[in-house]
Amino acid sequence: MSVRTDNVPLPRDIRNALLTVMHVHRNGLEIIADSWRLLGAKAVCVRDLDQHMLICSPQSMSDAPEWLDDSTPKIWEHLLVEGQAVSTLVVLGLQGAYEQRRLGASAALIAHLIALQIEMEQMTAERIAQVKLKAELDLTASIQLQLLPQHTPLVAGLEMYARSRPATHVGGDFYTFITHATGHLVLAIGDVSGKGLPAALLMAMTRTVLHGVARFVPLLHPKAVIHRVNEDLYDDFTDVGMFATVFVGCYDPSSQQLAYANAGHSPIIFCPGGGSAQLLRADGPAVGVLPTTHCENITLTIAVGDVLVLATDGLSEAHNTDGELFGYTRLCELIEQMRGESAQAIGESLFEQINRFSAECDQYDDQTLIVMKGIAV
Amino acid sequence: MQLQMSQINTITILTLTGRFDAYSAPSVETQLKHVSEQAPSYAIVDLSGVNFVDSTALATLVQGMKRCRQANGDVYICGVQQPVRIIFELTRFDSVFRMFSTQAAAVEACFLKV
C-alpha cells in the first residue's frame, strides 16, 4: 500500500484517520496523488485494488458536487463524529447491483472506522489537554500551600493550631502569621468569595497586600491594616465582582491581649474557660464591598483556659446528605465540650466531627481553622 | 433555587426560593445587571423563601448593589429568615444593604426614592 499525501491538504484529523484505517485494515487503498488538486481542492480520491474510486471530502456533502457526474452510480456515506457529519465518503466505479450492495457495506464500514478514528484522536487530544491542566493545577496548589504558614508560631501564653483544606485543588481561604522581634504576633485569616482558581488568584493578591501593609502599620492597630487593604483592593474586587472577608489580630504576650479588627469574617468563636462559647460579630463588612470600611480595634483578653476559634464558613456550612448544615450551634457546643483539651486536640476534633457529619458529601467550600488557647507562661 | 420576576410600577422584584449559591447566582446577576441598565435602577430581592446563601451569592448581591447605586438606584433586601439572617448579621452585610422585614415595606421605601 502506498500513500502520498504531499499535495493533499485534507484536515489533519481526517487525513490521519484515513491513513490509520487503511494501515490497520490493509485493504489496499491508495490515496491518489494530486487528487486534491485535480478535484478542485474539494476532496481526496482513494482507489482500491479493484480500481473502485472512493472520494473523501473534508466537508459533509449533501448534494453531489459539480465535478461529479450525476449519472455515475455511486454510494454516499457520511462520516459522523459525535453525531455531526464532518465528511462524506463517495464510492464510484460500481458495476451492477450486486457490486453496489457489496461495496456499499464496505464503504459504510470504512466511513464508520474513519469516524471512530477521528473520535479517538479527538479524545486523545482532550485527554492530553486534561493532563496538562491537572499538572498546572497541581503546581498551583503546591504554590498556594507554600503561601500558607508551614508551622504554627511559638508564642508565650498561647497554644496554637492551624489548618486549611480547599474544596477543590485550590481555594480562596488563607491565613498568615507574622511574628515580631518584640514577641508580638500578627495573625490574619481570610476568605475570598467564590471557590477554585478565581478565588485562589485573589487570595494570593489579598494575602500579599495584607503582608505588605501589616509591616508598615503600627502594632496593635489592626483596623488600620484593614482600612489600607480595602483602599488598595476595592477597585480590583469591584471590577471582578468579588470580596474578601478578613480578620486581623495582634497578640501581645505581655498582656495576653488580642487587638483585632474584623471585616465581615465569620465564624469567630470565643469560649472563655468558665463560660459559654459565643459568636463574635464582625464590626465592618468584607474588604471590597464598600469604598471605606467601618472596622474598629477591639480588644480581647485570652486568659489561661480561654479558647478563640477563627474559622471560615466552609466549616459552619459543611452539609450532610439531607442538606442540613453543620451550623454555628454545633460548632459552639463542640468547642465548649472540648475547651479543656489542647488547641491541637480541639482543632483535630472539629475537623473529625465535620468529616463525620458530612461523610459521603463532597466538600462544598474551603475549610480553614485556627485555634488559639491561653496557657500559663 | 427558583427565581420569580415581578414588577410593581418601575420597581423590579426578584423573589428567590431555595438555595441561593454559586449555581443559581448567574441568573440573579443577569437580572440585577438588567435593572442597573434601566431607569430607575431599583430592585428588591425577596429572600423570604431562601434557606442558604453562600459567598458567591452574597458577592452577586454586592455587585448588583454597586451597579445600581452607580446608576443612582439601589438593591433592597427583604424577608430574610434564619439561618440566612445570622449570616447577614455576623458578616455585617446587614449594614451594607437596606434590609426590610417585608416586601411591602421595601416597595414603600423604593417609592419614596423613585
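All of these numbers come straight from a predicted model, not from anything done at the bench.

Chemist: Is there a simple way to explain the overall build of chain B in this structure?
Modeler: When its secondary structure is counted, chain B shows 4 helices and 5 strands. Along chain B, helices and strands appear, N-terminal first, in the series β-β-α-β-α-β-α-β-α. Burial statistics for chain B: of 114 residues in total, 47% are counted as buried. Pairs at least 24 residues apart make up 70% of the contacts formed inside chain B by residues separated by at least 6 positions.

Chemist: How should the sheet that holds strand β12 (residues 278-279) of chain A be read in this particular structure?
Modeler: By definition, the strands of a sheet pair up through backbone hydrogen bonds, in either a parallel or an antiparallel sense. Residue and element names in this part refer to chain A. Here 5 strands make up an open sheet; going across it, the order is β6-β15-β14-β11-β12 and the pairing antiparallel. Both outer strands of the open sheet, β6 (158-165) and β12, are each paired with one neighbouring strand and no more. Sheet analysis places strand β11 (residues 268-271) next to β12, joined by 2 bridges and oriented antiparallel. Among the inter-strand pairings, Phe270 is bridged to a residue of β12, identified as Gln278. On top of the sheet, helix α7 (residues 327-338) reaches β11, β12 and β14 (307-311); it is set at about 35° to β11, its chief contact.

Chemist: What am I meant to see in the confidence of the model for chain A here?
Modeler: Residues and elements named next belong to chain A. The predicted model of chain A averages 81 in pLDDT, with 71% of residues at 70 or higher. Put simply, helix α2 (residues 35-38) is where chain A has its lowest mean pLDDT, 51, and β14 is where it has its highest, 98. Taken as a whole, residues 23-28 scores under 50 in pLDDT and shows 6 contacts with residues more than four places along the chain or in a different chain.

Chemist: What exactly am I supposed to notice about unusual backbone geometry here?
Modeler: For the peptide bond that leads from Ser266(A) to Pro267(A), omega is 0°, which places it in the cis range. Locating Pro267(A) in the fold gives a position in the loop between β10 (257-263) and β11. Backbone torsion omega between Gln82(B) and Pro83(B) reads 0°, so that peptide bond is classified as cis. Mapping Pro83(B) onto the fold places it in the loop between β4 (74-78) and α3 (84-90).

Chemist: How should the packing of α7(A) against helix α8 (residues 343-357) of chain A be read in this particular structure?
Modeler: Relative placement of two packed helices is described by the angle separating their axes and the distance separating the axes. Residue and element names in this part refer to chain A. For the pair α7 and α8, the least separation of the axes is 10 Å and the interaxial angle reads 140°. Compared by their axis directions, α7 and α8 come out oblique. Every pair of crossing elements has a handedness; the one defined by α7 and α8 is right-handed. Contacts between α7 and α8 involve Leu334, Ile335 and Met338 from the former and Ala345, Ile346, Ser349, Leu350 and Gln353 from the latter. For the contact of α7 with α8, the residue count by class is 6 nonpolar, 2 polar and no charged.

Chemist: Just checking my understanding: could you explain the pairing of strand β7 (residues 173-179) of chain A for this structure?
Modeler: Successive side chains on a regular strand alternate, one facing one side of the sheet and the next facing the other. Residues and elements named next belong to chain A. Judged from the 7 bridges that link them, β7 and strand β8 (residues 185-192) form a sheet pairing that is antiparallel. Looking at the pairing, Phe177 lines up with Leu187 of β8. In textbook terms, the turn of a hairpin is the stretch between consecutive antiparallel strands, and for β7 and β8 this stretch comprises 5 residues, one of which, Gly183, has a positive phi near 95°.

Chemist: Looking at this model, I keep getting lost on the sheet that holds β10(A). Mind explaining?
Modeler: Residues and elements named next belong to chain A. Taken in spatial order, the 5 strands line up as β7-β8-β9-β10-β13 in an open sheet, and their pairing is antiparallel. Bordering the open sheet on either side are β7 and β13 (298-301), each of which pairs with just one other strand. Strand-to-strand twist of the sheet, defined as the mean angle between neighbouring strand axes without regard to direction, takes the value 20°. Of the strands in this sheet, β7, β8 and β9 (244-252) are in contact with helix α4 (residues 196-216), which crosses β8 at around 155°.

Chemist: Help me understand helix α5 (residues 222-240) of chain A, please; the structure alone is not making it clear to me.
Modeler: Residues three or four positions apart in an α-helix share a direction because the helix packs 3.6 residues into each turn. Residue and element names in this part refer to chain A. Between its terminal C-alpha atoms α5 stretches 26 Å, which fits the 27 Å expected from 19 residues at 1.5 Å a residue. At Leu233, α5 is bent by approximately 50°, the largest bend along its length. Taken as a whole, α5 has its buried residues at Pro222, Lys223, Val225, Ile226, His227, Val229, Asn230, Leu233 and Phe237. Of the residues flanking the end of α5, it is Gly241, one or two places downstream, whose phi is positive at about 65°.

Chemist: Can you walk me through the packing of α4(A) against α5(A) in this structure?
Modeler: Residues and elements named next belong to chain A. Running from amino to carboxyl end, α4 crosses α5 at an angle of 135°, the nearest separation of the two axes being 9 Å. As summarised for this structure, α4 and α5 are arranged oblique, according to the angle between their axes. Considering only the axes of α4 and α5, their crossing is right-handed. Only Val225, Arg228, Val229, Asp232 and Leu233 of α5 make contact with α4, whose side of the interface consists of Thr206, Val209, Leu210, Val213 and Ala214. Here the residues of the contact of α4 with α5 sort into 7 nonpolar, 1 polar and 2 charged.

About the thresholds
Residues numbered from 1 in each chain as written. Chains lettered and ligands numbered in written order. Predicted model: local features only at pLDDT ≥ 70, side-chain atom pairs only at ≥ 80, totals over all residues. Helix = DSSP H or I, 4+ residues; strand = E, 2+ residues; numbered from the N terminus. Buried ≥ 20, exposed ≤ 12 C-beta atoms within 10 Å, placed from the backbone. Contact = placed C-beta atoms within 7 Å. Pairing = 2+ DSSP bridges. Axes fitted to C-alpha atoms, helices over the stretch in contact; angles between N-to-C directions. pLDDT = per-residue confidence, 0-100. Parallel < 35°, antiparallel > 145°, perpendicular 65-115°, else oblique. Left-handed = near helix turned anticlockwise from the far one by under 90°. Nonpolar A, V, L, I, M, F, W, Y, C, P; charged D, E, K, R; others polar. Expected span 1.5 Å × (residues − 1). Bend = angle between axes of the 7 residues up to and from the residue.

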